[in-house]
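Examining the three-dimensional arrangement
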Amino acid sequence: KRFITPRVREAVVSTQSTGAGGGMLGLGIYYHLEGGLYDQVLNELDGNLTVPVVMMFLGSLFIFISFFAIVGAMCEVVIMLKIYLSIIAIVLILEVILMGVCVAMRGEVEKRAVLAIHNLMEHYGDETADELNIITKTIDQTQTWLDCCGLDGPEDWKNSTKAEWWASRYNDGTVEVTLPGSCCIAPSASTCQLDNTEGQTIHHTAGCRQKFYKFVEENVTYVTVIGIVLIVLQVFIMISALKIRYELSSKYDCDDYATGSNMEITSL
């Protein structure tokens with residue numbers, strides 16, 4: 001006797017997918033409302049397609065697809081299983097294509113992210129150009145996240161072509177170079193001074209360009225593995241859904257045949 005039928009297995013997996021979709025949707029909404037790193041640096045198409053937007057879309061898609069699987073499996077609605085199989089097949093193909101595109105365009109994404117950091121640094125700290133404090137928050141999050149300082153190093157903060165407002169406000173002709181608090185190793189520091197002494201522990205020394213490239217190189221393997229796992233999981237779900245569909249089709253065909261036979265016998 002089977003304790004876990006394909007119908008129950010499909011419903012459980014689809015319910016988990018719904019939970020994952022809800023979590024992804026919630027995170028997307030949170031990051032979108034908060035702004036900062038994910039909404040300003042890691043974006044494409046001039047900000048129309050950002051990481052939070054992609055997360056919200058994928059989360060909604062997971063919930064939408066899972067609805068057809070749960071209702072179709074538990075209520076034995078064959079048409080909903082057919083719709084679910086069609087959608088999951090299309091999504092599976094798109095995921096394979098998307099993985100290929102992401103790998104192929106990795107360099108372009110890196111360049112766009114670095115360019116975004118460069119453009120934001122020009123107005124860092126300028127309350128006139130950054131009334132909502134989004135630019136300052138984004139650069140602070142980036143430098144804290146990557147343990148970096150400046151685009152190519154701490155000295156960028158005295159370079160008027162990279163940090164125009166900050167260089168003119170704090171480092172215009174001064175001997176000591178003042179760095180933003182997010183460059184400092186001490187978490188409570190609002191600013192700190194540039195120290196070129198080897199082995200100093202006052203501020204981060206690596207530039208964000210170098211750290212971001214390193215981050216992408218280290219994590220591209222993990223992203224690829226996660227993508228492959230998702231594809232395998234979806235194939236497993238498709239197999240379960242197909243099995244349920246054929247079981248239901250056979251069941252209804254048998255019921256229709258038996259009903260027809262009884263009617264013939266009765267008429268005789």
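First, a word on what this report is: a plain description of the structure on this page. (Residues numbered from 1 in each chain as written. Predicted model: local features only at pLDDT ≥ 70, side-chain atom pairs only at ≥ 80, totals over all residues. Heavy atoms only, no water.)

1. Things to note about the state of the cysteines
On inspection of all chains with the given rule, the structure shows three disulfides. The disulfide partner of Cys148 is Cys208, and the S-S distance across this bridge is 2.0 Å. Since a negative S-S torsion denotes a left-handed disulfide, the Cys148-Cys208 link at about 80° is right-handed. Of this pair, Cys148 sits in the loop between helix 6 (134–146) and helix 7 (164–170) while Cys208 sits in helix 8 (residues 208–267), and the two are 60 residues apart along the sequence. Note on Cys148: relative accessible area 0%, which makes it buried. For Cys184, the disulfide goes to Cys192, at an S-S distance of 2.2 Å. Residues Cys184 and Cys192 are joined through a disulfide that is left-handed, its torsion about the S-S bond being -105°. Of the two residues examined, Cys184 and Cys192, each falls in the buried class. (Disulfide = S-S within 2.5 Å. Helix = DSSP H or I, 4+ residues; strand = E, 2+ residues; numbered from the N terminus. Buried < 20%, exposed > 50% of the residue type's maximum accessible area, 1.4 Å probe, protein only.)

2. Focus: the pattern of salt bridges
Note that side chains of opposite charge can pair when their charged atoms are close. Scanning the model with the defined rule gives three salt bridges in all. A salt bridge links Asp152 to Lys162; its shortest N-O distance comes to 2.7 Å. With a gap of ten residues between them, Asp152 in the loop between helix 6 and helix 7 and Lys162 in the loop between helix 6 and helix 7 connect regions that are remote in the sequence. Note on Asp152: relative accessible area 41%, which makes it partly exposed. Judged by its relative accessible area of 17%, Lys162 falls in the buried class. The residue Asp152 makes a salt bridge to Arg209 at a minimum N-O spacing of 2.7 Å. In this pair, Asp152 is assigned in the loop between helix 6 and helix 7 and Arg209 in helix 8, connecting sequence segments 57 residues apart. You can call Arg209 partly exposed: its relative accessible area is 28%. (Salt bridge = Lys/Arg side-chain N within 4 Å of Asp/Glu carboxyl O.)

3. Looking at the packing of aromatic side chains
The full count for this structure, using the stated rule, is six aromatic pairs. An angle of 70° between the planes, with centres 4.7 Å apart, marks the rings of Trp145 and Phe215 as edge-to-face. Placement of the pair is Trp145 in helix 6 and Phe215 in helix 8, with a sequence separation of 70 residues. According to the relative accessible area criterion, Trp145 is partly exposed, its value standing at 29%. Accessibility expressed as a relative area gives 30% for Phe215, which makes it partly exposed. Ring centres of Trp166 and Tyr170 lie 4.2 Å apart, and the angle between their planes is 35°; this geometry places the pair in the tilted category. Remark: Tyr170 and Trp166 occur in helix 7; sequence separation between them is four residues, near one turn of the helix. (Phe/Tyr/Trp six-rings, centres within 6.5 Å; stacked < 30°, edge-to-face > 60°.)

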